[in-house]
Amino acid sequence: MPRLSDVLAELDALWPPERAESWDAVGTVCGDPDTVVDRVLLAVDPVHAIAEEALSLGAQLIVTHHPLYLRGTTTVAADTFKGRVVHTLIKHDIALHVAHTNADSADPGVSDALAGALDLRVEGPLVPDPTDPKGRRGLGRICVLDHPETLGEFAARAAARLPATAQGIRLAGDPSATVRRVAVSGGSGDSLFDAVRAAGVDAFLTADLRHHPASEAVQHSPLGLVDAAHWATEWPWCEQAAAQLDAISDRHGWDLRVHVSKQVTDPWTTTHHSSGAPN
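Overview of the structure. (Residues numbered from 1 in each chain as written. Predicted model: local features only at pLDDT ≥ 70, side-chain atom pairs only at ≥ 80, totals over all residues. Heavy atoms only, no water.)

### Concerning the environment of alanine 241
Link 1 in the chain: Mapped onto the secondary structure, alanine 241 falls in helix H9 (residues 230–252).
Link 2 in the chain: We classify alanine 241 as buried; its relative accessible area is 2%.
Link 3 in the chain: Along the primary structure alanine 241 and leucine 41 are separated by 200 residues, whereas in three dimensions their C-alpha atoms are 10 Å apart. (Helix = DSSP H or I, 4+ residues; strand = E, 2+ residues; numbered from the N terminus. Buried < 20%, exposed > 50% of the residue type's maximum accessible area, 1.4 Å probe, protein only.)

### With respect to the nonpolar core
Link 1 in the chain: Within the largest apolar cluster, 31 residues are counted, with the highest numbers of intra-cluster contacts made by Trp15, Leu42, Leu61 and Trp237.
Link 2 in the chain: With nine residues, H9 is the single largest residue contributor to this core.
Link 3 in the chain: What tryptophan 15 contacts, discounting residues up to four positions off in sequence, is Val63, Ala99, Asn102, Ala103, Ala106, Trp237, Ala241 and Gln244.
Link 4 in the chain: Residues Leu145, Ala155, Val182 and Val184 belong to the second largest nonpolar core, which totals 18 residues. (Core = buried A, V, L, I, M, F, W, Y, C linked by side-chain atoms within 4.5 Å. Contact = heavy atoms within 4.5 Å.)

### Remarks on the sheet that holds strand S7 (residues 170–172)
For sheets, the rule is that strands pair by backbone hydrogen bonds, running either parallel or antiparallel.
Link 1 in the chain: Reading across the sheet, the six strands line up as S5-S6-S8-S9-S10-S7 and stay open at both edges, with mixed pairing between neighbours. Every other strand in the sheet has two partners, leaving strand S5 (121–128) and S7 as the edge strands with one partner each. With strand direction ignored, the average angle separating the axes of adjacent strands in the sheet is 25 degrees.
Link 2 in the chain: Each of S5, strand S6 (138–150), strand S8 (178–188) and strand S9 (203–207) touches helix H5 (residues 110–117); the most contacted strand, S8, lies at about 135 degrees to it.
Link 3 in the chain: Set on the sheet, helix H6 (residues 151–161) makes contact with S6, S7, S8, S9 and strand S10 (224–228); between it and S6 the angle comes to about 120 degrees. (Pairing = 2+ DSSP bridges. Axes fitted to C-alpha atoms, helices over the stretch in contact; angles between N-to-C directions.)

Spelled out as structure tokens, the structure:
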């Protein structure tokens, strides 16, 4: 069985921490490098429910996409939400490792997993990484559908293939418009509208679209917008990352057992649709 340090070296090779954005907080949050690892849990969010799941599985390592501490802190006291997570992990000798924006821009990255979940053919990154001579790394992906379909059908495809959440899928634009090429970006993507427009795609699928950027985007062009829950657009990466870790385990003869959490950690739990009209 490998030690934690062996597994972390492979994870850093998959998602080099130096490729994370300057504001990000990636890498190992806690864990003893000499701990023997035979079971790993992949998840989007490092919340306490995921720590409890790792404990119930007997996992020695959790790999999440979202950081536990994105901003500085002065305490890990157990009476705080994040401190409670840290206490649970350390008490049970469970390590936590984060791959965030370094996984977003990787090859393959978070948006490749999203495109794969939607059965889209990837042409290349939406915002290429200028340091990648192969032109494969970067934020978002430009994709092609095997057959043209309407924007409404494309939104229905997303609803059917992404994990279910309370938000579901929101659509902006003409549902009958034809879609052939799309841009996708796992997580919050409304900072990428300039690149999306420059790509000349018919639709953009992402998450967390805010009112003003979305309103301006649909007024600016006939671009269709498909807005999913943040968690739902990033969860496919967990399965992709698990497959990568399985391949590493096979190559080294480690016999790791890699699990993907099925817990929905999206914070929204219920949707109520308004029925009233403006007075």
